[in-house]
Amino acid sequence: SLDGKYKVQRHGLFVLCTSGDSVKVYSTRTEEWLHSLQGHTNQVTGIALNPANHLQVYSCSADGTVKLWDFIDGILIKTFIIGYPLFAIYVSEKHEGIVFLHIGFQLVAVHLPKSAEQEVEAKELSAVSSHISPNPSCTAFGREGQYIAFARNLQLNVYFFRKQKTYSFSLKATDKKGAKNAFTCIACHPTDDCIATGHEDGKIRLWRNFIHKKEYTYSTQHWHHNAVNTLCFTPEGTNLLSGGIESVLVQWQYGTGNRKEFLPRLGGSILHVSASSDGQLFCTSHSDNKITVIESSFKVCGVIQGLVKDAVLTDLMIDPRSKALVLNGKPGHLQFYSLLRDKHLYNLDIVQQEYIYEAGLDQFEVVKAAFDIKGYWLATVEERGQKSADLEFFLKLWSYDERTQSFVLNTTITAAHTDRIISMCFSSSEETTMLVTIAEDGQFKAWCQGVDADTKQDQNFWSCDFVGSYHNLKPTNCSFSADSSLLAVSFQEVITIWSPDTWELLTTLCQPPGVIRDLCFGRLSCSKYLISTTTRNLLCCWNLLTCAFLMDSFSGLYTVFVFKPNEPRPLFTHKNVCSEKIHRAVFVPREEPLNNCDESSQWLNRSQLYFLTQNMLVIDDSVAVTPFYLLLGKHRQQQQKLNTPSHQAADRPQQPQGSVTITELLHTPAHVLPPASVLCSMFVSSLLISNTGEMESSEQEMNSEKEEEDSEGEMEACDSQQELRVQGSVDEVTPKLSKAQERELKRVRKTDFSWMAGLIASKP
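Conventions adopted
- Counting from 1, residues in each chain are numbered in the order their sequence is written.
- Predicted model: local features are reported for residues with pLDDT of at least 70 only, side-chain atom pairs are reported and counted for 80 or more only, and whole-chain, interface and lining totals are derived from all residues.
- Neither water nor hydrogens contribute to the side-chain values; these are computed over all heavy atoms in the structure.
- Put simply, DSSP H or I for four residues or longer makes a helix, DSSP E for two residues or longer makes a strand, and each gets a number counted from the N terminus.
- Classification of residues uses two cut-offs on accessible area relative to the type maximum, computed with a 1.4 Å probe and protein chains only: under 20% is buried, over 50% is exposed, and between them is partly exposed.
- Pairing between two strands is assigned when DSSP locates at least 2 bridges connecting them.
- The pLDDT value tells you how sure the predictor is about a given residue, anywhere from 0 up to 100.
- Any two residues whose heavy atoms approach within 4.5 Å are treated as being in contact.
- The term polar contact refers here to a pair of N or O atoms within 3.5 Å; inside protein, the definition further demands a hydrogen-donor-capable atom paired with an acceptor-capable atom, and it admits residues adjacent in sequence only when both atoms are side-chain atoms.
- Put simply, a nonpolar core is a bunch of buried Ala, Val, Leu, Ile, Met, Phe, Trp, Tyr and Cys residues held in one set by side-chain atoms that sit within 4.5 Å of each other.
- Salt bridges are identified by distance alone: a Lys or Arg side-chain nitrogen within 4 Å of an Asp or Glu carboxyl oxygen.
- Only Phe, Tyr and Trp rings take part, Trp by its six-membered ring, and two of them pair if their centres are within 6.5 Å. Stacked means planes under 30 degrees apart, edge-to-face means over 60, and tilted covers everything else.
- We count a charge as sitting over a ring when the NZ of a lysine or the CZ of an arginine lies within 6 Å of the ring centre and within 35 degrees of the ring normal.

Further remarks concern the overall build of the protein. Looking only at helices and strands, the protein features six helices and 54 strands. When the 764 residues of the protein are sorted by exposure, 45% land in the buried category.

This is how it looks when you write it as C-alpha cells:
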C-alpha cells in the first residue's frame with residue numbers, strides 16, 4: 001500500500017484495507033497481497049462487510065459512490081451513485097438494504113434500490129443527525145442496530161430508531177485535575193446497553209442507563225497517557241480493545257473492574273483496531289502504514305507492512321543489489337521495499353536504540369543515506385537535536401554480509417564534521433571506493449578504507465583521506481563523474497572541479513545568480529556533461545570538454561520535465577501529474593526492458609519514474625504506451641465524450657450484446673461458469689449482428705440499386721467527362737470499378753461496425 005490510511009475489516013482468512021482509490025485484500029496466513037478492488041475514481045474513505053453476506057463488502061469514496069464487491073473473487077457487483085463526497089460508511093443487520101453514510105457533518109440513511117442494472121442512482125436519502133464528528137471512529141451502532149451513538153467535542157448523542165429520539169450527554173471541558181474530556185472514539189457493546197468512549201486525556205468511560213436520559217451513569221478506566229485513538233469490543237462482548245500513541249494494544253476484561261492485558265511495541269501509533277467475526281483474530285493499523293495480525297491469545301502472528309508515510313529525510317534510493325526502494329522506515333530505520341512486488345522486504349536498524357513513542361522527545365533520526373555503485377557499502381547519517389543548539393550526529397558505514405543477506409555496521413565516526421552534514425556521495429568506480437561528505441562547516445571530506453602504517457595493507461575500516469574548502473564558502477552538493485576521475489563540489493554559486501587522484505583543483509565554473517541546489521554528472525554518452533539546478537528554477541548544463549554552457553528555466557509546481565543533457569528543450573513534459581507538490585523522484589530499473597515504446601518514450605524503456613508527494617508515491621508510466629493502448633485510449637475518450645450530460649440519451653449508441661457477454665465471461669469466477677461447449681456457442685452468437693430491422697433496409701437498398709442502374713446509363717458520359725477534367729489527361733485515368741463492385745462497396749459502407757468498438761472496450 002502507498003496510502004497508509006487504513007480502515008481494516010476482516011472475515012475468515014482475509015484482511016481488507018483501504019489504499020488510495022482502491023481496497024486491498026490480504027491473506028492473514030501468508031501476509032501476501034491477493035488482489036485489489038479497483039473502480040473508484042477518488043480516495044476510498046470507508047469499508048464495511050455486507051451484513052447479509054459476509055463474502056461481500058461495501059466501499060464508499062470521495063467520488064460520491066458506494067460500491068458492493070465480491071472480495072473473494074475481486075468482482076464489482078453494483079455501484080450506487082450518491083452524488084456527494086462520502087467520508088465513512090456504517091451498516092447494521094437490523095437495517096437490511098440501508099447503509100448509513102457520513103456526508104459533510106451529516107449522518108444520512110440511504111436506501112439502496114434493488115435493480116438489475118450494475119450502476120444505479122440512490123435517490124432515497126434521509127438525515128439521521130447533523131452533528132457528526134469528522135472522525136469516523138466517533139460513530140458506532142449499538143445493541144444489534146437498535147440505536148446509533150455518535151460523539152462530537154464534549155457531547156455524546158444516542159439516537160434510538162424505534163423512538164426516533166436523540167438523547168444527549170455532555171461533559172465539561174476539563175475536570176478538577178485539568179484533564180481534557182473531549183471525545184476521540186466510541187464503541188458499543190454487541191449485546192448490553194453499554195457505550196465505551198475514549199478521550200483526549202487517555203481515559204475510557206463506560207456509559208450505562210442512557211436509555212433513561214436523567215438516570216445515566218458512567219465509570220472510568222485509565223491507562224493510556226495520551227489520547228485514546230480507537231476502541232473495539234470483541235464479538236462476544238467479553239473484552240474491550242483500546243490503542244493509542246503508545247503502540248500498546250490493551251485488552252480490558254468487560255465487567256471485571258480494571259483487569260487488563262498488554263501487547264507492547266507494535267510499531268507506530270495504533271490508529272484502528274478490528275476483530276474477526278469469530279473473535280479469533282484482531283488487527284491493528286498503525287501510523288507507520290502497517291497492519292498487525294494478532295491472535296486472541298495476544299500473540300502477533302503476522303505483519304503487513306506498506307511504505308512508511310512519515311517524513312522522508314533521506315533521498316529516494318535504489319539498492320543496487322535487490323533493486324529495492326530504500327528510504328526512511330520506522331523511526332531510526334531504513335526501509336527496503338520492492339516496488340516490483342509491492343512488498344516490504346525488511347527494516348535496517350540504523351540508530352540501534354529503543355524508540356520512545358512520546359510527543360516532544362528529541363530522538364535520533366536517519367537524515368542521510370547513500371549506496372556505492374555495487375551495493376556493497378552503505379553510508380548513513382543520524383542526527384539528534386535538530387531544533388536545538390546541541391546538535392549530535394554520527395556518520396556510519398555499513399558493509400553487506402553475504403551470509404546474513406543484510407548490512408552490518410563496519411565503522412562509526414562520531415566527529416566527521418564540526419557542523420551538520422548536508423550531502424554525501426560514493427565514487428562511481430568499481431575498482432576503488434571513496435565517500436565524500438560536505439557539511440555546513442564549509443568543508444568537504446573524502447573517506448577511504450584505512451591503510452595500516454606498518455604493513456601498508458588495506459584495513460577493514462574507514463578514515464579521512466582529504467579535507468577541502470573554497471574561499472570559506474558553504475558547500476551545497478557534490479557528485480562524481482561516471483569514471484570517478486572528477487569530483488564536482490558546489491559552493492554557493494560556484495562549482496569546483498577536483499581530481500580525486502591528486503586532490504588538485506582543476507577548474508571552477510561560475511553559475512548564473514542563484515544558489516546551486518542539485519549537482520549531477522551525466523552517464524554513458526552524456527558523461528561529459530555536468531548538470532545543476534539553482535534556487536531560481538534554472539537548469540544549467542556544462543560541457544566539461546569545451547566549457548560550453550547551456551541554461552534553461554523551468555516552472556510548474558506539479559510538472560515533470562525530462563531532459564537530455566545535450567539538448568536545451570525538454571524531451572518530455574507532463575503537466576498536472578498530481579495534485580500535490582513533488583518532493584523527490586527516482587528511476588527504478590525494470591525487470592525486462594520494453595521494446596514497443598514510441599520514440600518519445602524511449603527514455604522509459606529500461607526504467608520507470610517514481611516521484612514522491614506529501615501523501616503518496618506515484619508512478620509515472622503512462623507515457624510508455626503501445627499503439628494498441630493509444631487506439632483503446634482514443635476509443636475510450638470518444639466513449640466518455642458520448643457519455644457526457646451534453647449528449648442526449650437517444651444519441652448514445654447501445655452497447656452491443658457481444659461486449660456484455662465477453663465482460664461476463666471475463667469477470668465471472670471459473671468455478672461457477674458453465675461447460676466450455678456452452679460458452680463457445682454463447683460467444684459466437686454474441687458476435688452475430690441482429691437481423692431485426694434489416695428487412696426494410698434491404699428492400700430499400702434493392703429499390704435504390706434499381707434506380708441507380710436506370711440512371712447509370714444517363715450519367716456515364718457525364719461522369720467520364722468530369723473525371724477527365726479533374727485528372728487532367730486520359731493517360732492518368734485509374735481503372736473504374738464495375739457496377740457490381742460499386743454496389744458492393746456502397747453496401748459495405750452502410751454496414752454498422754460499431755460492435756467492434758464495443759468488443760475492443762470489453763477487453764481487459
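Time to look at the sheet that holds strand β9 (residues 89–90). Across the sheet, which stays open at both edges, the four strands sit in the order β9-β10-β11-β13 with antiparallel pairing between neighbours. Each of the sheet's edge strands pairs with one partner strand only, and the pair in question is β9 and β13 (125–129).

Per-chain confidence: the protein averages 80 in pLDDT, with 75% of residues scoring 70 or above. Low pLDDT, under 50, characterises residues 1–11; the predicted model gives this stretch 61 contacts beyond four residues in sequence or across chains. Across residues 755–764, where pLDDT falls below 50, the model places 16 contacts with residues more than four positions away in sequence or in other chains.

Checked against the element boundaries, His 224 lands in the loop between β21 (217–222) and β22 (228–233). A distance of 2.9 Å separates a polar atom in the side chain of His 224 from a polar atom in the side chain of Ser 242. Here Glu 246 takes part through its side chain, which lies 3.1 Å from a polar atom of the side chain of His 224. Among residues more than four places away in sequence, those in contact with His 224 are Asp 201, Gly 202, Ile 204, Ser 242, Gly 243, Gly 244, Glu 246, Val 248 and Val 250.

Read across the open sheet, the four strands follow the order β30-β31-β32-β33; overall the sheet is antiparallel. Where the open sheet ends on each side, the last strands, each with one partner, are β30 (317–318) and β33 (343–349). Here strand β31 (residues 325–328) pairs with strand β32 (residues 333–338) via four bridges, running antiparallel. The partner of Leu 327 across the bridge, within β32, is Gln 335.

Judged by nonpolar contacts, the single largest core of 18 residues is most densely connected at Tyr 58, Val 66, Ile 82, Ile 89, Val 99, Leu 101 and Val 110. The greatest single-element share of this core, amounting to three residues, is contributed by strand β10 (residues 98–103). Those residues in contact with Val 99 that lie beyond four places of it in its chain are Tyr 58, Ile 89, Tyr 90, Val 91, Val 108, Ala 109, Val 110 and Leu 112. Tyr 470, Cys 478, Leu 487 and Trp 503 belong to the second-largest nonpolar core, a separate cluster that totals 17 residues.

Within the secondary structure, Thr 546 sits in the loop between β48 (538–543) and β49 (548–553). Accessibility expressed as a relative area gives 54% for Thr 546, which makes it exposed. In sequence terms Thr 546 and Lys 528 are 18 residues apart; their C-alpha atoms lie 9.4 Å from each other.

Two side chains that carry opposite charge are able to pair once their charged atoms sit near each other. A complete count under the given rule lists 12 salt bridges for this structure. Across the salt bridge formed by Glu 382 and Lys 396, the nearest N and O atoms sit 3.1 Å from each other. Of this pair, Glu 382 sits in strand β35 (residues 377–384) while Lys 396 sits in strand β36 (residues 392–401), placing them 14 residues apart in sequence. Judged on exposure class, the residue Glu 382 and its partner Lys 396 are both buried.

Quick look at the side chain of Ser 61 now. Within the fold, Ser 61 resides in strand β6 (residues 53–61). Each residue touching Ser 61, except ones within four places of it in the same chain, is listed here: His 40, Asn 42, Gln 43, Val 44, Thr 45, Pro 85 and Leu 86.

With that settled, consider the packing of aromatic side chains. What characterises a pair of aromatic rings is the spacing of the ring centres plus the angle enclosed by the ring planes. According to the stated counting rule, one finds 34 aromatic pairs in the structure shown. Judged by centre distance (4.6 Å) and plane angle (50°), the ring pair of Trp 542 and Phe 549 falls under tilted. Using a relative accessible area of 9% as the deciding quantity, one classes Trp 542 as buried. Taken together, the ring pairs in this structure connect Phe 444, Phe 466, Tyr 470, Phe 491, Trp 498 and Trp 503 into an aromatic cluster. The lysine or arginine in question, Lys 163, covers the ring of Phe 160, its NZ or CZ lying 5.5 Å from the ring centre.

The backbone of Arg 143 sits at a positive phi, close to 50°, despite the residue not being glycine. For Arg 143, the location among the structural elements is in the loop between β14 (139–142) and β15 (147–152). Here Arg 143 falls in the partly exposed class, since its relative accessible area comes to 29%. The phi torsion at Glu 144 lies on the positive side, around 60°, for a residue other than glycine. Note on placement: Glu 144 falls in the loop between β14 and β15.

The next subject is the environment of Phe 611. Note that Phe 611 resides in strand β53 (residues 607–612). Here the alpha-carbon distance between Phe 611 and Leu 316, two residues 295 residues apart in the chain, equals 8.7 Å.

Across the six residues that make up strand β23 (residues 239–244), a large majority, six, are buried. By the alternation rule, side chains of β23 split into Asn 239, Leu 241 and Gly 243 and Leu 240, Ser 242 and Gly 244, which are all buried. Following β22, the chain reverses through five residues before pairing antiparallel with β23; Gly 237 in that reversal takes a positive phi of roughly 80°. Alignment of β23 against strand β24 (residues 249–253), held across four bridges, turns out to be antiparallel. Each bridged residue has a counterpart across the sheet, and for Leu 241 the counterpart in β24 is Gln 251.

Attention now moves to the environment of Thr 411. Its location among the elements puts Thr 411 in strand β37 (residues 406–413). Residues Thr 411 and Trp 462, 51 residues apart in the sequence, show an inter-C-alpha distance of 6.4 Å. Leave out the neighbours within four places in its chain, and Thr 411 touches Leu 395, Lys 396, Leu 397, Phe 461 and Trp 462. In this structure the side chain of Thr 411 is engaged in a polar contact, spanning 3.4 Å, whose partner is the backbone nitrogen of Trp 462.

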